[in-house]
Each structure stands twice: as structure tokens, then as C-alpha cells.
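One letter stands for each residue in the lines below.
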Amino acid sequence: MEHVNLNRLAYFTAVVDTGSFTKAAERLGITKTVVSQQVARLEAELKTSLFLRTTRRVEPTEAGQLFYARCNAILRETEDAIDEGTRSNAAPEGVLRIAAPNDYGASKIAPIAAAFTQRYRTCKVELLLADARVDLVANHIDLSIRVGWLDDSSHQAKRIGTFRQFLVAASSLAGSLKLDEPEDVANLPFIGNLALKEPLVWRFSRHDFDRRTVRMRQTIMSNSTPAVLVATVAGGGVAVLPDFLAADHIESGRLVRLLPDWSLPAGGIHVVYPAARFRPPKVSAFVAMLAE
């Protein structure tokens, strides 16, 4: 078969959409004769009839209907490719809406947002902080930062980093504790994070063979990680906190890391986008700064 002239696909789909060669010509801004000729040549190239022509309306044949579905996909791909090429040279602009957890958003994302608006003066940032998951589509979110373990979803995600978790206690409390094994923690007052699926169950590991699962004794529970941190520093009990939140407090001596020979599950830091083919320049530019 000869190569099909792809320009004729636009004429063909316009006729299907409007049900008329005349209306298709009006939509395309050309004469009816040109549309009719181009569709006839397309039928000749395909060696099949694409339309059933009546005095009132033009209806696609079964072959025409199948071909129309493929043409729409081809034309959308073409438009997307052109759009991608155009956007790749465009400067970031507009309002960038970002959702992030309270702790990571305040400590890590807010400073990057400040640097981003300084670098791209035509951009503004709206940073929505909440430990609960935010509906990206309903809230018109451009990207979300999720810390931990991703659930299956229709969204697209990119891993940008990892974090460790530490079992910690305030220095005033840690001095009185005698911990030899993970099981010893089960009898201590524990501050749990309700944002987690299993806030009271923790899996410790050492080397490649020693693994222990411990159920903690609830004393204080909160759905806010910063609140868990504050309660822990105040001596309310032991807690598991991410390294990016606990590190400064451990270094200053306000918190003490317990059972340092044992590891807790590491987590991922992800950028999550609403499902879409291409990203606006403002999104791509911000993610690039995160990677830096």
C-alpha cells in the first residue's frame, strides 16, 4: 500500500465530527471541493470506502468508524508532540500549587520554594501542608511531595530521595532507660503517629538475619509528625521519627537515638503528579530544583 498522506486525516475527522462535507470545510476554512477531493484520495490510498453518503448526512462506514478512532489517537499524539516541543522552550510562569507533609514541607520544601520564586520571578508558589493525603485533582495541585511508602494510584510518581527512621527519646528520659533488645521498648510509653498505617507496630532489623517485630504501648497519639516530635522532646515517651526531622535534635542533645545497632524500615521521598502526558514548565523547573 502507498504511504497515506497524514494531512488528509484532519479532513476525514472533520467530516466525521460535523457529519457534512460543507460543515467540515467551514471548520477548516477551505472549500467543500478540497475536502471532498482529499477524502476521496484518502479512500483511494486505503482502498476502502470510509463514508456512506446520503442526501441529508454523511455517515462513516464500519471501516470508517474504526479508522476514525485511530485517526483521533494519531492527531492527539501529534498535538501533544507539538505542545511538548513548544513547552520545552517556554519559561516557567504562573502559580505552582504544591502539597506536602507538615514536617518535610516546612523543613525542606519551603526553602526550595523561596529559591524557586527568586530564580523565576514570574512564578508564585502556594504550599499546602497537611499530613493527610490531599486530592490532587479536586484541589488543583500541580505536584505533591509524599514521604514514606506510596499507595497504588492513577497518579504518576518519581522518587527523588530516601530517609531513615530513628527510635528516639528525650535526653531526660533516655538516661533512665536500659534497652538491650527491641522487645524492651514494648513496655515503654510510646508516642505514635496516626498518619501511619500501623503506628504501634515496628519492625527492627540487624545485619541480614536478625529481625524483630514489636508492638508498642500507646501513651500519646497524634496525626501530626511535628506534634509527635514536640511531645517526644518534652519527655512524653519514645517515638520513631524520620532522620530529616530528628537529626538536628539528636545533634543538639535534646534527643537521644535508642538501639542504634538496630535499623527500622527506610522510606522514600516521591514527587507525585496528577495523571497527565506533559508537565508545565513551572513543574519541570521545580522538580529540577528538588533534584539539585
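Scroll up for the structure.
The rules we used
Residues numbered from 1 in each chain as written. Predicted model: local features only at pLDDT ≥ 70, side-chain atom pairs only at ≥ 80, totals over all residues. Heavy atoms only, no water. Helix = DSSP H or I, 4+ residues; strand = E, 2+ residues; numbered from the N terminus. Rg over C-alpha atoms; globule rule 2.2 N^0.38 Å. Contact = heavy atoms within 4.5 Å. Areas by Shrake-Rupley, 256 points an atom, 1.4 Å probe, with all protein chains shown as cover. Lys, Arg positive; Asp, Glu negative; His and termini not counted. Charge placed at Lys NZ, Arg CZ, Asp CG, Glu CD. 1 Å grid on protein atoms, 1.4 Å probe; cavity = no way out; pocket = protein on both sides within 12 Å on 5 of 7 lines; lining within 4 Å. Points joined across faces, edges and corners; volume = space filled by probe spheres on them. Nonpolar A, V, L, I, M, F, W, Y, C, P; charged D, E, K, R; others polar. Phe/Tyr/Trp six-rings, centres within 6.5 Å; stacked < 30°, edge-to-face > 60°. Buried < 20%, exposed > 50% of the residue type's maximum accessible area, 1.4 Å probe, protein only. Pairing = 2+ DSSP bridges. Axes fitted to C-alpha atoms, helices over the stretch in contact; angles between N-to-C directions. Parallel < 35°, antiparallel > 145°, perpendicular 65-115°, else oblique. Expected span 1.5 Å × (residues − 1). Arc of directions from axis to C-beta.

1. Structural notes on the overall build of the protein
- Regarding its fold elements, the protein presents 9 helices and 14 strands.
- On C-alpha atoms alone, the protein measures out to a radius of gyration of 30 Å, which is more than a quarter above the 19 Å that the 2.2 N^0.38 rule sets for 292 residues.
- The dimensions of the protein, computed from C-alpha atoms along their principal axes, are 95 × 45 × 30 Å.
- A fraction of 73% describes how many contacts in the protein between residues 6 or more apart in sequence connect residues 24 or more apart.
- Surface exposure of the protein reaches about 16,400 Å², of which carbon and sulfur atoms provide 50%.
- Side chains of the protein give 35 positive and 32 negative charges; the mean places of these two sets differ by 4 Å.

2. Some words on the layout of surface pockets
- In this structure, the largest pocket spans a volume of roughly 860 Å³.
- As for the largest pocket, its lining consists of 37 residues, of which Val 147, Gly 148, Trp 149, Ala 195 and Leu 196 are closest to the centre.
- Listing elements by their share of the lining of the largest pocket, those giving two or more residues are strand E3 (94–100), strand E5 (143–148), strand E8 (189–193), strand E9 (201–206), helix H7 (225–233) and strand E12 (239–242).
- If you tally residues by element for the lining of the largest pocket, the top one is E5, at 5 residues.
- Tallied by class, residues from the lining of the largest pocket come to 23 nonpolar, 6 polar and 8 charged.

3. Brief notes about the packing of aromatic side chains
- Applying the stated criterion across every chain, the model contains 8 aromatic pairs.
- Where Phe 12 meets Phe 67, the ring centres are 5.3 Å apart and the plane angle is 50°; that geometry is what we call tilted. Note that Phe 12 is positioned in helix H1 (residues 7–18) and Phe 67 in helix H4 (residues 62–88), a separation of 55 residues in sequence.
- Exposure remark for Phe 12: the relative accessible area of 0% places this residue in the buried category.
- A centroid spacing of 5.8 Å and a plane angle of 80° characterise the contact between Phe 163 and Phe 244, whose relative ring orientation is edge-to-face. In this pair, Phe 163 sits in strand E6 (residues 156–163) while Phe 244 sits in helix H8 (residues 243–252), placing the two residues 81 residues apart along the sequence. We note that Phe 163, like Phe 244, is buried.
- An aromatic cluster of three or more residues is present, and its members are Phe 12, Phe 21, Phe 51, Phe 67 and Tyr 68.

4. Topic: helix H9 (residues 281–291)
- Burial within H9 is extensive, with 8 of its 11 residues counted as buried.
- Buried within H9 we find Pro 281, Lys 282, Val 283, Ala 285, Phe 286, Val 287, Met 289 and Leu 290.

5. A word on empty space enclosed by the protein
- Taken as a whole, this structure holds 1 cavity of 30 Å³ or more when the rule is applied.
- Every residue along the wall of the largest cavity is listed here: Gln 165, Phe 166, Leu 167, Phe 204, Arg 257, Leu 258, Leu 259, Trp 262 and Leu 264.
- Ranked by residue count, the leading element in the lining of the largest cavity is strand E7 (residues 165–170), at 3 residues.
- Of the residues assigned to the lining of the largest cavity, the class counts are 7 nonpolar, 1 polar and 1 charged.

6. Comments concerning the environment of Ala 234
- Looking at the secondary structure, you find Ala 234 in the loop between H7 and E12.
- Put simply, Ala 234 and Arg 203 are 31 residues apart on the chain and 25 Å apart in space, counted from C-alpha to C-alpha.

7. Considerations on the pairing of E12
- Side chains Ala 239 and Leu 241 of E12 all project onto a buried face; the interleaved residues Val 240 and Pro 242 project onto the opposite face, where all are buried too.
- Direction of pairing for E7 relative to E12: antiparallel, over a ladder of 4 bridges. In the sheet register, Leu 167 faces E12, and the bridge partner there is Val 240.

8. A short note on the packing of helix H2 (residues 21–28) against helix H3 (residues 32–46)
- Following both chains from N to C, one finds H2 and H3 inclined at 110°, their axes separated by 8 Å at the closest point. Looking at the two axes, H2 sits roughly perpendicular to H3. Taking contact as the criterion, the partners of Phe 21, Thr 22, Ala 24, Ala 25 and Leu 28 in H2 are, on H3, Lys 32, Val 35, Ser 36 and Val 39.

9. Digging into H3
- Spanning 15 residues, H3 covers 21 Å between terminal C-alpha atoms, matching the ideal 21 Å at 1.5 Å per step.
- Listing the buried residues of H3 in full gives Val 35, Gln 38, Val 39, Leu 42, Glu 43, Glu 45 and Leu 46. Summarising the axial view, the buried residues of H3 lie within an arc of 160°, below the 170-degree limit, and thus occupy one face.
- One or two positions beyond H3, positive phi appears at Lys 47, with a value near 60°.

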